[in-house]
Structure formats: C-alpha cells, structure tokens
Amino acid sequence: MINLALYGKTQEFIDYSLDQHPEKMTFITPNPQIADTLRARFDSLGRQIESITISKFIQNEFESLLPDIERENFKGKSDLILVLGAVWKKLGKDNNYIDFMRAFNLLTEFRSFSVSEHVLETVLEFYDEELASGVLWLHRFISQLGMIDEHLSYFMLAEKLREIEPPPEYETGRTLIFYGFDYMTASQVDLLKAFSLREEVIIPFYFEAYQKSTQLDWIRWFETQDTQEVALGESYTVDKENEIVHFPKNYLGKELLGLTKTQKVEAVILGNKGLNREIFFEVPLEQIKMKIPIEVFTQSFQGLSQKIEQIVRLSTTPVVDLEQFLKQESLTAIKDAHYPLLKCCTLFLNKIKEWSELSEENIEITYFDFQIIKDACFLDLPRVNLTKLDSEFNFRLGSLTDIENYKQQKIVFAMNSTYTGLKGIGSNFSENVEKYLTSIGPIRRAELDRSVLQAKFKEFVDDNQVSFLVEHGLDEEDSSVSALFSPFKFAKTDKQFDLQLPKQVYIKERKKTDLSTLSASKLQSYLDCPQKYYFQYIEKLMPQVKLKGELDPLELGQIEHKIIESYFEYGQAWDENYFLEIIEKVLGPYFSEKNITEKDSYYVEVKTYTQTTIQQLLNLRQKFQMNFQFEKPFEQIENNLNYKGFIDLFAFNNDMNMIVDFKRSNSIFSTYTAILNFEKIQLWFYLKNLMRQKILTDEKKTIIGYIDLSNFENSTFFTDSKSAMSEIKGLWGLTRVKLLDNFEDLINDYDEFENELIEKLKQEQEFLPDPLNNKVCTFCALANICPRKGSHGNT
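The residue count restarts for each chain, going from 1 along the sequence in the order it is written. Given that the model is predicted, a residue must reach a pLDDT of at least 70 before its local features are reported, and side-chain atom pairs must reach 80 or more before they are shown or counted; all residues, however, enter totals for whole chains, interfaces and linings. As a rule here, side-chain values come from all non-hydrogen atoms in the structure, and water together with hydrogens is ignored.

J.: Which parts of the structure should I look at to understand the overall build of the protein chain?
T.: Numbering of helices and strands runs from the N terminus; a helix is a DSSP stretch of H or I covering at least four residues, while a strand is a stretch of E covering at least two. On a plain count of helices and strands, the protein chain comes out with 30 helices and 23 strands. Computation of the radius of gyration draws on C-alpha atoms, with the globule rule given as 2.2 Å multiplied by the number of residues to the power 0.38. For the protein chain, whose C-alpha radius of gyration is 29 Å, the value lies close to the compact-globule estimate of 28 Å for 795 residues. Its C-alpha atoms give the protein chain principal-axis dimensions of roughly 90 × 70 × 65 Å. Categorising residues by exposure relies on relative accessible area from a 1.4 Å probe, with only protein chains included: less than 20% of the type maximum marks a residue as buried, more than 50% marks it as exposed, and the intermediate range marks it as partly exposed. A burial count over the protein chain gives 52% of its 795 residues as buried.

J.: Help me out: how do you make sense of the environment of R198 in this one?
T.: Summarising the element assignment, R198 is placed in the loop between helix 9 (186-195) and strand 5 (200-206). With 238 residues separating them in the primary sequence, R198 and Y436 have C-alpha atoms 31 Å apart. Contacts are residue-level and defined by heavy atoms, with any inter-residue pair within 4.5 Å sufficient. Residues within four places of R198 in sequence aside, it is in contact with L161, E163, I164, E165, P166, T172 and G173.

J.: Where do I start with the packing of aromatic side chains in this structure?
T.: The description of an aromatic ring pair rests on the distance of the ring centres and on the angle between the ring planes. Working definition: rings of Phe, Tyr and Trp (its six-membered ring) pair if their centres are within 6.5 Å, and the pair is stacked with planes under 30 degrees apart, edge-to-face with planes over 60 apart, and tilted otherwise. Tallied over the full model, the rule gives 58 aromatic pairs. Here F468 and F490 contribute two aromatic rings whose centre-to-centre distance is 5.0 Å and whose plane-to-plane angle is 85°, an arrangement assigned as edge-to-face. Linking F468 in strand 15 (residues 465-471) with F490 in strand 16 (residues 489-492), this pair joins segments that are 22 residues apart in sequence. A residue is classified by how much of its surface remains accessible, and F490, at 27% relative accessible area, is partly exposed. Residue placement shows R220 over the ring face of Y210; its charged tip is 4.0 Å from the ring centre. Only when the NZ atom of a Lys or the CZ atom of an Arg is both within 6 Å of the ring centre and within 35 degrees of the ring normal do we say a charge sits over the ring. For R692, the ring lying beneath its charged end belongs to Y643, and the centroid distance is 4.0 Å.

J.: Explanation requested: the pairing of strand 13 (residues 395-399) in the structure shown.
T.: Within strand 13, 4 of the 5 residues are buried, which leaves it mostly tucked inside the rest of the structure. Pairing geometry for strand 8 (residues 267-270) and strand 13, over 4 bridges, is parallel. Residue V268 lies in a different strand from strand 13, and its bridge partner there is L397. Note that strand 9 (residues 288-294) and strand 13 share 2 bridges and pair parallel. The residue bridging K289 from the neighbouring strand is R396, located in strand 13. Two strands qualify as a pair provided that DSSP identifies no fewer than 2 bridges between them.

J.: I keep staring at the side chain of Q188 and nothing clicks. Help me out?
T.: By secondary structure assignment, the location of Q188 is in helix 9. Here a polar contact is recorded for every N or O atom pair within 3.5 Å, except that within protein the pair must consist of a potential hydrogen donor and a potential acceptor, and residues adjacent in sequence are included only if both atoms are side-chain atoms. In this structure the side chain of Q188 is engaged in a polar contact, spanning 3.1 Å, whose partner is the side chain of Y154.

J.: Mind showing me how you'd approach the packing of helix 21 (residues 520-528) against helix 29 (residues 743-763) here?
T.: How two helices sit against one another is set out by the angle between their axes and by the gap between those axes. Throughout, an axis means a line fitted to C-alpha atoms (over the contacting stretch in the case of helices), and angles, computed between N-to-C directions, take values from 0 to 180 degrees. Here helix 21 crosses helix 29 at 75°, and the two axes come no closer than 11 Å. By the criterion of interaxial angle, the relationship of helix 21 to helix 29 is roughly perpendicular. For the pair formed by helix 21 and helix 29, the contact residues are L523, Y526 and L527 on the first element and Y750, F753, E754, L757, I758, K760 and L761 on the second. For this classification, Asp, Glu, Lys and Arg are treated as charged, while Ala, Val, Leu, Ile, Met, Phe, Trp, Tyr, Cys and Pro are nonpolar and the rest, including Gly, are polar. Here the residues of the contact of helix 21 with helix 29 are counted per class, giving 8 nonpolar, no polar and 2 charged. Roughly parallel means an angle under 35 degrees; roughly antiparallel, over 145; roughly perpendicular, 65 to 115; everything else is oblique.

J.: When you look at the confidence of the model for the protein chain in this model, what are you seeing that I'm missing?
T.: Detailed conclusions should not be drawn from predicted coordinates in areas where pLDDT is low. A residue's pLDDT is the confidence the predictor assigns to it, expressed on a 0 to 100 scale. Of all residues in the protein chain, 93% have pLDDT values of 70 or greater, and the mean over the chain is 86. Ranking the elements of the protein chain by mean pLDDT puts strand 12 (residues 384-388) last with 73 and strand 20 (residues 656-663) first with 95. A low-confidence stretch, residues 501-505 stays under pLDDT 50, and its non-local contacts, those more than four residues away or across chains, total 9 contacts. Note that residues 789-795 has pLDDT below 50 and, in this model, 17 contacts with residues that lie over four places away or in other chains.

J.: I tried to follow the pattern of salt bridges on my own but got confused; where do I start?
T.: When their charged atoms lie close together, side chains carrying opposite charge are able to pair. Here, a salt bridge means any Lys or Arg side-chain nitrogen found within 4 Å of an Asp or Glu carboxyl oxygen. Here the structure, examined in full by the defined rule, presents 33 salt bridges. Two residues, D462 and K9, come together in a salt bridge whose shortest N-O distance is 2.5 Å. With a gap of 453 residues between them, D462 in helix 18 (residues 446-463) and K9 in the loop between strand 1 (2-7) and helix 1 (10-20) connect regions that are remote in the sequence. Note that K160 is salt-bridged to E163, the shortest N-O span being 3.3 Å. Note on K160: relative accessible area 22%, which makes it partly exposed.

J.: Explanation requested: the nonpolar core in the structure shown.
T.: Side chains of a nonpolar character, in soluble globular proteins, are inclined to be buried together. Formed by 61 residues in total, the largest nonpolar core has its most connected members in L84, F100, F110, L124, F348 and L437. Element by element, the count of residues in this core is highest for helix 5 (residues 97-111), at 9 residues. Discounting residues that sit within four places of it in the chain, F348 has contacts with F301, L304, S305, I308, L326, F370, I373, K374 and C377. Buried Ala, Val, Leu, Ile, Met, Phe, Trp, Tyr and Cys residues form a nonpolar core when they are joined through side-chain atoms within 4.5 Å. Core analysis: the second largest hydrophobic core is formed by 57 residues, Y16, I54, I177 and A209 among them.

J.: For this particular structure, what's the right way to read unusual backbone geometry?
T.: Excluding glycine, most residues fall at negative phi; most peptide bonds, likewise, are trans. Backbone geometry at A337 places phi at a positive 55°, although glycine is not the residue there. Take A337: it is sitting in the loop between helix 14 (319-335) and helix 15 (339-358). Of the residues examined, A337 reaches a relative accessible area of 41% and is grouped as partly exposed. Within the chain, N640 stands out as a residue other than glycine whose phi angle is a positive 60°. With respect to the element layout, N640 can be found in the loop between strand 18 (627-638) and strand 19 (641-652).

J.: Where do I start with the packing of helix 25 (residues 600-624) against helix 28 (residues 722-732) in this structure?
T.: One way to put it is that helix 25 packs onto helix 28 with a least axis distance of 10 Å and a crossing angle of 130°. If you check the angle between helix 25 and helix 28, you find them oblique. The interaxial crossing formed by helix 25 with helix 28 has right-handed handedness. In contact with Q616, L617, N619, L620, K623 and F624 of helix 25, helix 28 contributes E727, I728, L731 and W732. Two helices that cross are described as forming a left-handed crossing if the nearer one is turned anticlockwise from the farther one by less than a right angle, and a right-handed crossing if clockwise.

J.: So what exactly am I meant to see when it comes to the sheet that holds strand 6 (residues 227-231) here?
T.: What links the strands of a sheet is backbone hydrogen bonding, and the strands pair in either a parallel or an antiparallel sense. Taking strand neighbours across the sheet as the criterion, the 6 strands line up as 3-2-4-5-1-6 in an open arrangement whose pairing is parallel. Of all the strands in the sheet, just strand 3 (50-53) and strand 6 have a single pairing partner and so form its edges. Averaged over all pairs of adjacent strands, the angle between their axes in this sheet comes to 25°, without regard to strand direction. The pairing of strand 1 with strand 5 spans 6 bridges and is classified as parallel. Residue I2 lies in a different strand from strand 5, and its bridge partner there is V201. Strands in contact with helix 1 are strand 1, strand 2 (26-29), strand 4 (175-178), strand 5 and strand 6; relative to strand 1, the strand with the most contacts, it is inclined by about 135°. Docked against the sheet, helix 9 engages strand 1, strand 4 and strand 5, running at close to 135° with respect to strand 5.

J.: Help me understand the state of the cysteines, please; the structure alone is not making it clear to me.
T.: In protein chemistry, a disulfide is the covalent bond that joins the sulfur atoms of two cysteines. By convention in this document, the label disulfide applies to cysteine sulfur atom pairs within 2.5 Å. Within the structure shown, the criterion is met by 0 disulfides. Here C344 stays free of any disulfide, with the sulfur of C345 as its closest cysteine sulfur at 7.1 Å. Looking at C344, the relative accessible area reads 0%, which means it is buried. Assessed through its relative accessible area of 0%, C345 is described here as buried.

J.: What is the right way to look at a negative patch on the surface in this model?
T.: Patch members must show over 30% relative accessible area and no salt bridge, and they are joined within 9 Å when carrying like charges or within 5 Å when they are nonpolar side chains of Val, Leu, Ile, Met, Phe, Trp or Tyr. Note on areas: these come from Shrake-Rupley sampling with a 1.4 Å probe, and a residue is covered only by the protein chains present in the view. Positive residues here are Lys and Arg, negative ones are Asp and Glu, while His and the chain termini are left out of the count. In this description, the location of a charge corresponds to atom NZ of lysine, CZ of arginine, CG of aspartate or CD of glutamate. Among the surface-exposed residues, D698, E699, D720, E744, D745, D749, E752 and E756 lie close enough to one another that they form a single negatively charged patch. Among the secondary structure elements, E752 is positioned in helix 29.

J.: Is there a simple way to explain helix 5 in this structure?
T.: An α-helix turns once per 3.6 residues; consequently, residues spaced three or four apart project the same way. Its 15 residues place the ends of helix 5 21 Å apart at the C-alpha level, agreeing with the 21 Å of an ideal helix rising 1.5 Å per residue. Taking burial as the measure, the 15 residues of helix 5 include 11 buried ones, the bulk of the element. Of the positions making up helix 5, those classed as buried are Y97, I98, F100, M101, R102, A103, F104, L106, L107, F110 and R111. Any helix carries an expected span of 1.5 Å times its number of residues minus one.

J.: Which parts of the structure should I look at to understand the environment of E169?
T.: Note on placement: E169 falls in the loop between helix 8 (150-161) and strand 4. Judged by its relative accessible area of 61%, E169 falls in the exposed class. Counting along the chain gives 148 residues from E169 to H21, while the straight-line C-alpha distance between them is 24 Å.

Here you go:
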C-alpha cells in the first residue's frame, strides 16, 4: 500500500507519524542533510528514528535480496565514464570528447526512465544518427560487461521484490517513509511501487504543491488503485504582517551589519539554494554558526590538469612518462606540505593506472584519454565543508535549502539579485522526446520545484518572526521572487540610506556633432548611458589601460572569433590537429607583438571557448545543410543616416535564416527580459537591417540568438517557428530557445523604439551620466570618476 500523506505544514506529518506509526519507522531521504534534519526534529520530541539516505537504503536492500551479486559489478559515475570512455575509443569512434560526453549524458538520462534497449532505440529516433549509434553502443556494453549502475540496481530490486516469495531471512511488513524528495525518476517510482507489495510505503508531500501538480509530475505517478491520499492538512493563509526593507544594489552587507547590531537576531537566511564561499564573504558578520562547502582541491586540481594538458595536447604520451611526472609532482607536494596537490596527484595516478589496465591501446595517453581521466578524477575529489557551530556564536547563517530547521525564531531573510535557484530545474529534452518520455515515466518540471519551494517557504515564514531585506525592485521585477513572496502581507519600512555620491572628477563642456553613421554598439552605448556614449564616440576619451604582457577581454574575443571563422575556411568535419594548428597560427602574432610569456592560461581559454562552438556549428551545418557567412557586413542609408555593421555569423539554407552573435559569457543575455524589453538591442538591430535589405523574408524561418563561448549550454535563441525551436533544441540540447508567437509585433515595436531612441540621440545636448542599470557601470571605464546619477536616479 502507498499512502500519499498530504500536509499543509510538516508538523502535521510529524504528528501523524507518531500517532499512526508508534512502532519502528524507516525514513529514507535524498541526502544526508535532510536525514540529519529529520533525526533532530524527532529527537526534540523525545523519539528516536532510523533515518538514512536512499543510496544507503538501496545498498542494504541489494545485499539482503541479491547477496550473490558481486560488489565489483557496481559502478558509480566516475567508474562508468572511465570504462565507457575506453569502450568508445575501442569502437574506433572519433576521439571526440564532446561527442562522447553528449552520448554518455543522454544514456544516463534515458536509463533513468528505462533500461530496455527497445525503449532506448525508440527515443533515439529523434536524435542525430551518429549520436544515437554512440548512445546505443554504450548501453549495450554496460549490459555485456555486466556492470550495474544506479538505474539498473533499481530495476533489479524491483524485479526481485515482485517475485512470489522473498528470501526467508528478508524482513517485510515495515513502514518505509520516503521524505524530502523534490523529484523521483521513473525507475525510483517503479521501485517504490514494488516495495508497496509487502511494505507500507508513505510519501509525504505538501498539499498546496500537490494541488498544483499535473499528470506529468512524479508525485502523480503513484495514483493507482493501491494508493490512497491521506489528507493531513490543507491550504492556509498567513495573516501576520512582516517587515520588509529594500536596500540599494551592493548594499546588502552594510544593511545586514547594521541590522544585526541593533536587533536580536537568531538566524540570517540568504535567499540562495545553498551557501558557498563567495556568498559567505559577502556577509560581513562575525560570531555566526554555519556550514558551507569549500573547494579545497579545485585550484590544485586545475593547476595540475593544465600541466598534464600541456604534455598531452599535441602528441600522445606514454603512461610511464606521465606517471613519472606525477610522482615528481607528488614529491614536490610533500616537500612543500601541499597536501591538496598530493591528493590530486594520487587521484590521477590511480585513474591512469585503471585506464591503462582497461585496454592494451591505453599504454599511451592521448588528449581524449586525458579528458576522460580528468573527468573521472574530478568526480572523486573529496567534498569538504567549513563548519562553525560553536555554542557561543550569536546566530546561524543558512539558505533556502535548510529553512525547515527553523521554528519559532527571529530571523532576517535577505535576498539580492545575485542569488540563484528560485526558478527550479526543468527538462532538457526537445518536444518530441519529452512527449515520448512522458508516456513511460515522469519528467522533471521546474514549475513543481517552485511549488514545493513556495509551500516550504510559506511554512517557514508562518512559523518564525521573519524580517525581509530585499534589493530594490527585486520583488517586483523578478517573477520568481514575487511568486515566493505572494502569500504574505508586508509592512514596508521607510528608511533613509546614507548613499553619499562622490564628486564628479572630470567635468567638460559638451560639444555637439552631427550623427551620420549608426551601428548596434553605438546605439547600445547611448541606451546604456548618454555620458558613456559621449566620451566613447564624440570625445573618444574612454580611458583603457593596455598592458604590454597581457591580452585584454576585447583581444581575447577577437582571437576566439578569428579561430572559429578560420576553422570553417577549410574544415569540413572535426579535426583535432587542424584545430590546434589554427590556435597556434592565430595566437602566435598576439604573443609576439605583446611579448607574452605566460601563454598557457590564454591557450587553455581560447581552446576551451572555441572547441565546443566549432563542433556544434559543424553539427548544425551537417544536419541542416547550412551555409555560413562570418563577419557578414551590411550597410543601408536611410533618412540621411548610414546604418552599418558586421554580424558574427549569418547561417542560412532554403528553409531557415540564423543571426548568431558570439559572446565570451552570458552576462548580457542571462535573462530573456533584457532582450525582449529592448534593453539589449544588438540582435534586433541586425534583424531590422537585414529585413531592410530584403535578406530576411517571411518565407523562411528566422532564428536570432547568442552563443556563449564559455558555456555553450547558456546559449540563448529566439525564433518565430515552433519547428525551428524543436530542431535547435534537438540538435544542441539547449533549454534556452524561446518561441515568439508575437514575433512580427516585436519587430514593429522595436522599429518604433529605435526611431524614438535615434531621435532622442540627435537632439541630445547634455549627455548626463544616466545608466540604464547597475551592470552598465560595472563594465564602464569611467566608473571610478562618475557619480552614476542622472535623470533616472540610478546609483
């Protein structure tokens, strides 16, 4: 029997557990943190419970039900990457790390739905033939080698539990409570149904989140004739008013410091999913209790990885030579008492040994081998936390992940625009793949994640005395924040902040020039800030320091653009050696001209930033028979104004046109809003001018967007075609592809917006320092001598 225990507040479920199940209960949780929290909650009520993680529970069940299975057959993710990487190489596949990882990640995703080869073959029909073939081969080798991954272990247990009689020594009739799960895979759902044949299975879940769920969500997949809903609570309202104070951007630390000195505060909760060292350092508070993960090994690991990469990147290296190098590095680490480096050396030595033993072909390490070994080592790095729990400390620092720990306390909840995690985690699949997968198992929906968080946060606010400290405008402009705060009433506190503005150091009488030419960057600069535009394009006095021995971000962008363009002059398919030759050819003149000695870091960046993009563009060209024009120029004179510019990439075929701009990060397109509200106009400017020249027509699908060179998965595209959206998602596995049903209206709106902006620029006389937002000042060379205040009142 499965019981869905639906509660408004967790205390209702706790009471239900104590009243209805006084005997032994086993609580199974997704991670150790929730297990500890639950254990402490019952301890405070004088009741001891068994609370373990699902991984430990599955391990125990496997040993009880299938004791004859050799433990060596179990493979974690790092072991799977290593073994399947060797298989990929043995199969004669191109030694393309990106292709392997795409195949590996798809395989693990699909095996969470089913380990059936028939199911896998069906879903792979929606993918590129070569990629599908790679995924299928990896799946078959898992079976042939007798390896048991996490998903197969669920399946094997479920099959064993469905047998007529379990082993005599196997304990049945237990109460198993699966607590704290935000998501369960299809294999986990099936396993719980198998357990329910002999055990009482209880799944606690927030009532309000359950009401908002759909048939696609995992919690609804338990709705069978053997499932009953147990109503422990229902929706409720929070009647009390909570104090809310708004602070200017970048003033969170100052306000927190003042508030905690004047009020008795038991905890400060930051509106981020989890704590990290960067967030911790933004909080200028002492005497606090906290626990944060710290990356003790990351710097040593990256440094050692770069040294190994320099050895193997251009030619194969015998294993014995690499082992000798690592042993020498280990001796240096011991001598310098550099123990994180010593641990990294040991990991690499062990993995290289395992790799070389997998195949006789692995006695020499190629660049592909190194990337596989590096990934496996990184997954095995120890996880370390920095903890301060001394009893004399004044209050606790927490995050959204542990708000269930707080009851009847005075708490400050702080939220600023740099915090992430409110949007939830959604499916990465294309529409056709998602449609098929929903027929065999639940998919993860970001909307359900948000519903659970909102229910949990509502309980947190109702159970504690919470004061809100929120960055100006965040609760109105960010839909995720406004939804989180929607159940509450606020008593706004008017507060005067001491924000003295510096004196403007440089004041110069403005001069006027006629506007004759216009580019996207020119118009964007004026939109960002009139003063920035004035000094950059009229006075031409933007102070930028050029260091002789370094490459600046602009130069790196030019280099990476040139490498991508140069590859496609002759490259028809992926060729590692040709790619490395181009990097050397493009970087060489820059290194010579600027007398750069520290070359490795630049080499690693441009290689990393361009490789994935080139490979994905090759896939695009092959899949859709696209033609590429790099640095496509356009020029159009209209109303005595010369519109001109260059598009990084214009891709086209008989059915589709694509306007693509390359960026070294996603800082300017991290949200759809900035583009759809014309705060960032580059793509619209290009689009309008190509339409002026009749290059873009209604007969073809249109796609516009940005490629993030630093992380291809952040790339963002917009289209007027539903089929184009599905095609791009299916090819590149991107989630940030947005269908614009009102595409034509947006183009007309932009046309009107641009004309008004140009007219304003023509009439401009004062060129005040009036930034569009705070990010504009971050990247402005005048930031240190500018008061950052104009007619908009931005600071």
